[in-house]
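Geometric and topological summary
Listed below are the residues making up each chain.
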Amino acid sequence: MTATPLTRTDIDHIGRGYDPVATRSSSIHSDCYRDNRFLAVEREQVFHRTWQFVCHEEKLRQPGSYVTASLQGQSIFVARDTGGGLQAFYNVCQHRGHELLQGEGITSTITCPYHAWVYDLNGSLRRARRSELIENFRDNDIRLQAIQVEIFCHLVFVNLDPDASTLAEQSGDLAQEVTTYAPDLGELTFAHRLSYRLKANWKAVVDNFLECYHCPVAHKDFVTLVEMDTYQVKTHGIYSSHMAKAGRTENQAYGIDNVSVTDHAVWYLWPNTTLMRYPGRGNFMVWRFIPVNAEETYEEFDFFFETNTPTDAEMEAIRFIDDVLQPEDIGLVESVQRGMQTPAFNQGRYLVDPQGSGMSEHGVHHFHGLVLDAYRRACNP
Ligand code: FES
Ligand SMILES: [Fe+2]
């Protein structure tokens, strides 16, 4: 079902006072954080047209390996076919539309659980039971519906938009930056997942992620982990980078004595993915904000380490995120959502530091510009 398109009046309402110059600008209107109509448009125009993370490439190295995922209601899978090619499809049988694969695993063919049609991992129909009874039926005419897939910095992404350009093309220098800070990303392995469901619009969660103006107030331990004076936020096209040096080793967050990684390097990638490297041993994290409805978000936080069992120090870092940082941030964004439910808040201003420090909210302003651009595209497809 197609979402009711936004009108010019809707866009004017949401973006009234938004200015390309952050110091002059107001934030986007709180209605787009509450109203399901905006979420319906975001599903179609944002989540179904942008590159979405699926997994680390390690899960799809072996011929026959597959991983399923749901992209805002669209069931898909990615597979390494028996010839070694990487393929992605809607996870939907062409007979009656039943889903084909569940979870992840290894298989040489795909058998539909409903009437047992059999497909190859390259999407072609191998066999349809008793299809000789169907007039003019040719196996070769039937294929699973393919979607775009790309390995970007050793991470697998898919895009439901057949016309989308590659993530590498869209994201400028991002791959080079990530590779510079995390040259070992291809060798890291999945070690842990944290997940949360919270009562706030996904954009409120992204807003909170994109600035550290709140850090000295709300994250007393985190500000001892990183050297706040070195914190720099830079915006570029569809991503922003958030960089700082590791702080004092006797910080209150978690132990970082004798570690190989001494930078806190974080990237936000439009619309809902963040990529992170924290001080510690070789590590990488992919954190996603997935809308459940207009006022609820599911967060998934995957950790990739040198080994699939976290060391004590890594468990300490995970616990710091799970027990300290996340409860602090969830408390903030849920409070903001409650504030936005009242008539007392519609739009605010951005605190902008001309030095581009983490204390600045220009990353939030950049994100709101991307949201408004997507609404405009939805209005004039
Ligand atoms: S729906 Fe798949 S075989 Fe019938
Ligand atoms: Fe925070």
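This section reports on the structure supplied with the text. As the structure is a prediction and not an experimental result, all values here were calculated from the model. (Residues numbered from 1 in each chain as written. Chains lettered and ligands numbered in written order. Predicted model: local features only at pLDDT ≥ 70, side-chain atom pairs only at ≥ 80, totals over all residues.)

Let us look at the overall build of the protein chain. In terms of regular secondary structure, the protein chain is built from nine helices and 17 strands. The C-alpha atoms of the protein chain give 22 Å as radius of gyration, which agrees with the globular expectation for 381 residues (21 Å, within 12%). Overall size of the protein chain, expressed as C-alpha extent along the three principal axes, is 70 × 55 × 35 Å. Relative to its 381 residues, the protein chain shows a buried fraction of 40%. (Helix = DSSP H or I, 4+ residues; strand = E, 2+ residues; numbered from the N terminus. Rg over C-alpha atoms; globule rule 2.2 N^0.38 Å. Buried ≥ 20, exposed ≤ 12 C-beta atoms within 10 Å, placed from the backbone.)

Let us now look at the nonpolar core. Residues Phe-77, Val-78 and Phe-157 are the most contacted members of the largest nonpolar core, which totals 90 residues. With seven residues, the single largest contributor to this core is helix α8 (residues 312–341). When residues of this core are assigned to domains, at least three map to each of domain 1 (52–159) and domain 2 (169–374). If you look at the next biggest cluster of nonpolar residues, it comprises seven residues, including Cys-212, Phe-222, Val-226 and Tyr-231. (Core = buried A, V, L, I, M, F, W, Y, C linked by C-beta atoms within 7 Å. Domains from an automatic or database assignment.)

The next subject is the environment of Thr-224. With respect to the secondary-structure elements, Thr-224 resides in helix α7 (residues 222–225). Since 15 C-beta atoms lie within 10 Å of it, Thr-224 is described here as partly exposed. Separated by 60 residues in sequence, Thr-224 and Ala-164 place their C-alpha atoms 41 Å apart.

Between helix α2 (residues 36–47) and helix α9 (residues 362–379), whose axes approach to 10 Å, the crossing angle comes to 95°. On the basis of the axis angle, α2 is roughly perpendicular to α9. Taken together, the residues of α9 that come into contact with α2 (itself represented by Val-41, Gln-45 and Val-46) are Ala-374, Tyr-375, Arg-377 and Ala-378. In terms of residue class, the contact of α2 with α9 is built from five nonpolar, one polar and one charged. (Axes fitted to C-alpha atoms, helices over the stretch in contact; angles between N-to-C directions. Parallel < 35°, antiparallel > 145°, perpendicular 65-115°, else oblique. Contact = placed C-beta atoms within 7 Å. Nonpolar A, V, L, I, M, F, W, Y, C, P; charged D, E, K, R; others polar.)

Let's shift gears to the sheet that holds strand β15 (residues 273–277). Spatially, β11-β17-β16-β15-β14-β13-β12 is the arrangement adopted by the seven strands of the open sheet, whose pairing is antiparallel. Looking at which strands have only one partner, the edges of the open sheet turn out to be β11 (189–198) and β12 (232–236). Between one strand and the next, the sheet's axes are offset by a mean angle of 15°, whatever the strand orientation. Docked against the sheet, helix α5 (residues 202–209) engages β14 (263–269), β15, β16 (283–293) and β17 (296–305), running at close to 150° with respect to β16. (Pairing = 2+ DSSP bridges.)

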